[in-house]
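# A structural walkthrough
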Amino acid sequence: MAATDGPFAELKEVLASFAVIDVSGRERAVEIASRIVEVLGEPIEIRPIMGEEFTA
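This report concerns the structure included in the present document.

Criteria and thresholds
- Residues numbered from 1 in each chain as written.
- Predicted model: local features only at pLDDT ≥ 70, side-chain atom pairs only at ≥ 80, totals over all residues.
- Heavy atoms only, no water.
- Helix = DSSP H or I, 4+ residues; strand = E, 2+ residues; numbered from the N terminus.
- Buried < 20%, exposed > 50% of the residue type's maximum accessible area, 1.4 Å probe, protein only.
- Areas by Shrake-Rupley, 256 points an atom, 1.4 Å probe, with all protein chains shown as cover.
- Contact = heavy atoms within 4.5 Å.
- Salt bridge = Lys/Arg side-chain N within 4 Å of Asp/Glu carboxyl O.

## Focus on the overall build of the chain
Counting its secondary structure elements, the chain contains 2 helices and 0 strands. The buried share of the chain, taken over its 56 residues, is 11%. Surface accessibility of the chain: about 5300 Å² in total, with carbon and sulfur atoms responsible for 54%.

As structure tokens, then:
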């Protein structure tokens, strides 16, 4: 697994589906996303949508 830090790909180029997960922090989001990547074999972007938990 490789992790990169943005910039995000353009939506029109990659969006096939999306999921909203409620997690306590970035580490848990990465853990869940990495399991999905193992199954799908495709890259996933993690974007925060609420709160300030994922600010750099």
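Once you've had a look at it, read on.
## Regarding the environment of Val37
Within the secondary structure, Val37 is located in helix α2 (residues 26-40). The class of Val37 is partly exposed, set by a relative accessible area of 26%. Beyond its immediate sequence surroundings of up to four residues, Val37 is in contact with Glu42 and Ile44.

## Here we look at the pattern of salt bridges
Inspection of the entire model under this criterion finds 2 salt bridges. Linking Arg28 and Glu31 is a salt bridge whose minimum nitrogen-to-oxygen distance equals 2.6 Å. With a gap of 3 residues between them, Arg28 and Glu31 both fall in helix α2, about one helical turn apart. Residue classification places Arg28 among the partly exposed residues on the basis of a relative accessible area of 34%. In this structure, Glu45 engages Arg47 in a salt bridge whose closest nitrogen and oxygen atoms are separated by 2.9 Å.

By themselves, these figures tell us nothing about what the structure is for.
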